[in-house]
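Tertiary structure, described
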Amino acid sequence: MITTNDIKQAAAFIQKKVTFTPEIGLILGSGLGVLAEEIENPVRISYSKIPGFPVSTVEGHAGQFVFGTLQGKKVAAMQGRFHFYEGYSMDKVTFPVRVMKEIGIERLIVTNAAGGVNTEFEAGDLMIITDHINNMGTNPLIGPNDNELGVRFPDMSEAYSKRLRQLAKEAAGEINISVQEGVYVGNTGPVYETPAEIRMIRTLGGDAVGMSTVPEVIAARHAGIEVLGISCISNMAAGILDQPLTHDEVIETTEKVKANFLSFVKTIVNNMN
Ligand code: HPA
């Protein structure tokens, strides 16, 4: 079990190297880590150096924090994240969010690559997450509750901040890109879904499906962090198009939408207060 002491130790380690207080946290998903390269005066800290941090193993995930300035704002960006399917406990998956809270982060932008379930979507679309469905069969808050971290029964009625969603829509308008909005369904993976599972997810109200984000957002809301979620629709989900799904396709599409993704998130960060 992760204790407040573990969180404080990791935070203290970071604060020895990073002299400012970051205001905005960013979790950069598969193929989306390039955003961290835009950060000015970067201080990079490999996860493997931080006490208590697991090591990231998936292709397209660099496995480091990048602290610095983006659009004049102090940010902490996670280039790579920890997935439940890698075998990490939910405690480990959400540990970085706890540490971000400890170093002062109050707002978090969570990004991911996701499969498009809504048939109106196309690969390459960006989607503002309006809400999520936790389909992972577990919850990162199961176990004794540490009241110092958050309440026993956190409210999830506005998991994805209305205010930040509005700000993101305005940012999209400002740079003239069209964005989708929808519900993200978090599955454990590592398999992609079957076509029947995708039909089920659509019936249940899902617009996009992925293997991350949900545990991090639950931990963030528990910690009182305001959250914005952005999915890059990297492929249409199983059974929609007559073709198999591959991780290469996911990375290829995120590569193609990189420019839009970068200017979208940068405009959001710029306009955040
Ligand atoms: N399903 C689950 N996770 C994903 C997908 C998908 O189709 N695409 C990218 N991550």
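Note that the structure is predicted; figures quoted are calculated from it, not measured. (Residues numbered from 1 in each chain as written. Predicted model: local features only at pLDDT ≥ 70, side-chain atom pairs only at ≥ 80, totals over all residues. Heavy atoms only, no water.)

**Observations regarding the overall build of the protein**
Per the secondary structure count, the protein includes seven helices and nine strands. Against the globule reference of 19 Å for 273 residues, the protein gives a C-alpha radius of gyration of 17 Å, in line with a compact fold. Dimensions of the protein along its principal axes, counting C-alpha atoms only, are 50 × 40 × 35 Å. The 273 residues of the protein split such that 55% are buried. Averaged over its 23 positive side-chain charges, the protein has a centre that lies 7 Å from the centre of its 31 negative ones. (Helix = DSSP H or I, 4+ residues; strand = E, 2+ residues; numbered from the N terminus. Rg over C-alpha atoms; globule rule 2.2 N^0.38 Å. Buried < 20%, exposed > 50% of the residue type's maximum accessible area, 1.4 Å probe, protein only. Lys, Arg positive; Asp, Glu negative; His and termini not counted. Charge placed at Lys NZ, Arg CZ, Asp CG, Glu CD.)

**Describing the UniProt feature "binding site: a purine D-ribonucleoside" (unreviewed entry) in the protein**
Annotation from UniProt places "binding site: a purine D-ribonucleoside" (unreviewed entry) at Glu193 and Asn235. A maximum C-alpha distance of 12.3 Å is found for the annotated residues, which run over 43 residues; spatially they form one tight group. Looking at the secondary structure, you find Glu193 in the loop between β7 (180-186) and α4 (195-203). Under the relative-accessibility criterion, Glu193 is labelled buried at 10%. Setting aside anything within four residues of it in sequence, one finds Glu193 in contact with Asn187, Ile198, Ile201, Val209 and Ala238. One polar contact links Glu193 to Asn187, side chain to side chain, over a distance of 3.0 Å. (UniProt positions renumbered as here; feature names shortened; annotations may be inferred. Contact = heavy atoms within 4.5 Å. Polar contact = N/O pair within 3.5 Å; in protein donor to acceptor, adjacent residues only side chain to side chain.)

**Considering unusual backbone geometry**
Following Gly189, the chain continues into Pro190 via a peptide bond in cis, with omega recorded as 5°. Structurally, the position occupied by Pro190 is in the loop between β7 and α4. Look at Asn41: it is not a glycine, yet its phi comes out positive at around 45°. The residue Asn41 is located in strand β2 (residues 40-46) in this model. Here Asn41 falls in the exposed class, since its relative accessible area comes to 64%.

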